[in-house]
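The lines below spell out each chain.
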Amino acid sequence: MADKNEGLNKKNNDTAAGAYVLRLFITGASPNSIRAVENVKSICEKYLNGNYELEVIDIHQQPELAEGEDVIAVPLMIKKAPYPERRMIGDMSDTHRVLKGLGLANNS
Amino acid sequence: MSKSQKKKEPVLYGTLPKALTGITGLDEITGGGLPLGRPTLICGEAGCGKTLMSIEFIVRGAVQYNEPGVFVAFEEKSDELAMNVASLGFDLKKLQAENKLKIDHVHIDRSEIEETGEYDLEGLFIRLGYAIDSIGAKRVVLDTLENLFSGLDNQAVLRTELRRLFTWLKEKGVTAIITGERGEGSLTRQGLEEYVSDCVILLDNRVVNQITTRRLRVIKYRGTVHGTNEYPFLIDEDGISVLPVTSLKMANKVSTDRVSTGVSGLDNMLGGKGLYRGGSVLVSGTAGTGKTSLAASFANEACNRKEKCVYFAMEESPNQIIRNIRSIGIDLQKHVDSGLLYFNASRPNLYGLEMHLVAMHKCIKQYKPSVVIIDPITNFINIGSVSEVKNMLVRMIDFLQEEQISVMFTALSLNTIVNEQTDEGVSSLVDAWILVRDIEFNGERNRGLYVMKSRGMKHSNQVREFIITDTGLQLVDVYLGPDGILTGSAREQQMLLERTGEAIRSSAVNRKDREIIRKRKVLEAKIASLHTEFESVEEELNKVYLEEELKKEILNKNREEVMRMRRGETAENKEKTKTSRKK
């Protein structure tokens, strides 16, 4: 939940700079969710060099958001920016596919 | 049969509790609706009405039974859905505003999704749970869940999650409908029927002879009796109507009331009173024998009695019928205007037999007539086999009898098989069968009418000549002469001949009568003269007799005188006077 606030703050400051805006939907403390948060964090640190905002949302806490973002399978990470929007589901253990989803596959 | 019993007392026996769908006919087939608090699978091919049936379940639940519902649409967006069902009179927007309905559109696009490891469908559960809790939903529809399979790769995850979903839905206690596309060799493409084991309904859309009929079948329904047949259903402006189960009990009420056919001659043939109320009558005959005219006068008569009548016109348009019937002096237009007569015109080829049945059913239920006319049933043969048509008519007659509605069918029979069964083979089903046929004789064609059968009443075995005049229909006795049956102008001629003969005969009789009178007068005159003769003879005889009497008297007197004179003395005094007088 701390991540969420942090993400929101960053978003306010840096959106204009072409930063990655990511939203991660998880369901409480399920094994998949925990793994997903860890994996996303490490990938972001490694490949995005801090140029990102990550918002982690627990849909158990905010179920109304689940409908707004059309969440079905969780964990789900939505890349809001840069365009195009991409969705990644799963525990983010397949780093290659996560990077593909983030549009960084060629770089790696 | 046991269905109605079951419906009455489901709670007493502790049978499966059910949720009424509110869909016409479906509740009868399922004996009270879908299993309460359990998921039901509705499967079928594209375009057979799965979505419509499920949305009707939700809407009717919300409107009629005060059970809010959640509709999870995997295919259509909520706006599209609202627009699609607006034509059926369902106002989804309003229901959503009243919190009676919640539509959740789930969009899955494979191209947008990257699968990066293990996942589950907890998101769907949470969304659904949230939607259910937010409006207190009792009903849930998942339309079409199988779209998940096209959006997501991991089949193993999907299957375990689906299994979990159905258990979860049961735990939630919501009555759910899951729809699924029909697959090759199985009910659904993804084998959803494995997971939903309580109730499975199959919808079908079949084209036979270029005519499409939608059908519904309850494949399984655990823990309850249900109709097992295929039932045709209709989607129209009021939603879905499933044809109610044909009653097989044959325990219909019967009436001893009689209704006039509108042709007094025909009533006379039928024991003088006409047909039984709630009975069925078939009028068959070759082309142009006046079947429609008979049917129209039956309808007219019913309207004159201030009863409602529905006229199913299968061949002519209502205006055509009204115009044509006006020519025989029957004004149907005024009955149409007063609302007593309702025309329902449709071509037989419009839809399948079963659909006709459903449509007629609906119309009759809505209009509640006491007389129904189907003119003609012949054309149904174009859209089904003899046995199918017969089957349909049996059900029609059955339904009408149950509702105590009199029905008149007309049927065209071909020239070659007059007097035989009609094409539709319904002659054994109906209560009365009137046959109108041509009698061709002497270079002209006339109409003859028989009552082939009329159950439960005395009826004439005579052929009547059936005449269509400017003032209606009339039945005349045919002339049975030495040369056989005479009709039309031959009959008229014969009747003229007979009248002439009669006139001649009667004049002859008159002459004889006069002769007799004359004879009598002559005789009477003779008798009078004899009488007078006799009187004069009698007088003559009497005269002689009187004279003799007189003579006798005088003689006596004289003798006495003489005797006195002989005595002398006593006669002195007298003598004195006598002699003095002599002197």
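Report follows, based on the coordinates. Residue positions within a chain follow its written sequence, with the count starting from 1. For naming, the first written chain is A and the first written ligand is 1, with later ones following in the order written. Local features in a predicted model are, by the rule used here, given only for residues with pLDDT of at least 70; side-chain atom pairs are given and counted only at 80 or more, and totals for whole chains, interfaces and linings are based on all residues. To obtain the side-chain values, all non-hydrogen atoms of the structure were used and water was disregarded.

Residue and element names in this part refer to chain B. The rule for pairing is simple: two strands pair if DSSP sees at least two bridges between them. Under the DSSP-based scheme used, a helix requires at least four consecutive residues in state H or I and a strand at least two consecutive residues in state E, with every element numbered from the N terminus. Across the sheet, which stays open at both edges, the nine strands sit in the order β5-β4-β7-β8-β3-β9-β10-β11-β12 with mixed pairing between neighbours. For this open sheet the edge positions go to β5 (101–105) and β12 (239–242), each flanked by a neighbour on one side alone. Between one strand axis and the next, the sheet turns through 20° on average, direction left out of account. Relative to strand β8 (residues 175–181), strand β3 (residues 39–44) is paired through six bridges, and the arrangement is parallel. Bridge pairing links Ile42 to Thr179 in β8. Contacts are assigned to residue pairs with any non-hydrogen atoms lying within 4.5 Å of each other. Lines fitted to C-alpha atoms define the axes here, with helix axes fitted over just the stretch in contact, and angles between the N-to-C directions of these axes take values from 0 to 180 degrees. Helix α3 (residues 50–64) rests against β3, β4 (69–73), β5, β7 (139–143), β8, β9 (199–208), β10 (211–221), β11 (230–236) and β12 of the sheet, and its axis sits at about 160° to β7.

Contact with chain B, which involves 26 residues of that partner, is made by 28 residues of chain A. Reported buried area values correspond to the accessible surface (1.4 Å probe) lost by two parts on association, with both partners' losses combined. Contact with chain A buries area across many residues of chain B, yet B:Glu114, B:Thr116 and B:Arg127 alone supply 31% of it, more than any other trio. When a carboxyl oxygen of Asp or Glu is within 4 Å of a side-chain nitrogen of Lys or Arg, the pair counts as a salt bridge. The tally of links between chain B and chain A comes to five salt bridges. By the criterion applied in these results, polar contacts are pairs of N or O atoms within 3.5 Å in which, for protein atoms, one can donate a hydrogen and the other can accept it, and in which residues neighboring in sequence qualify only through two side-chain atoms. At the boundary of chain B and chain A, one finds 17 residue pairs in polar contact (both at pLDDT 80 or more). Looking at the side of chain B that touches chain A, the elements that each hand over two or more residues are β5, β6 (113–115) and α6 (122–135) of chain B. It is α6(B) that contributes the most residues to the side of chain B that touches chain A, six residues altogether.

Turning our attention to the pattern of salt bridges. Per the stated rule, a full pass over the model turns up 38 salt bridges over all chains. The salt bridge involving A:Glu55 is made with A:Arg23; its shortest N-O contact spans 3.1 Å. Of this pair, A:Glu55 sits in strand β2 (residues 52–58) while A:Arg23 sits in strand β1 (residues 20–26), and the two are 32 residues apart along the sequence. Exposure is judged per residue with a 1.4 Å probe applied to protein chains only, and the accessible area is read against the type maximum: over 50% gives exposed, under 20% gives buried, and values in between give partly exposed. What makes A:Glu55 buried here is its relative accessible area of 12%. We note a salt bridge from B:Lys100 to B:Glu98, for which the minimum N-O separation is 3.9 Å.

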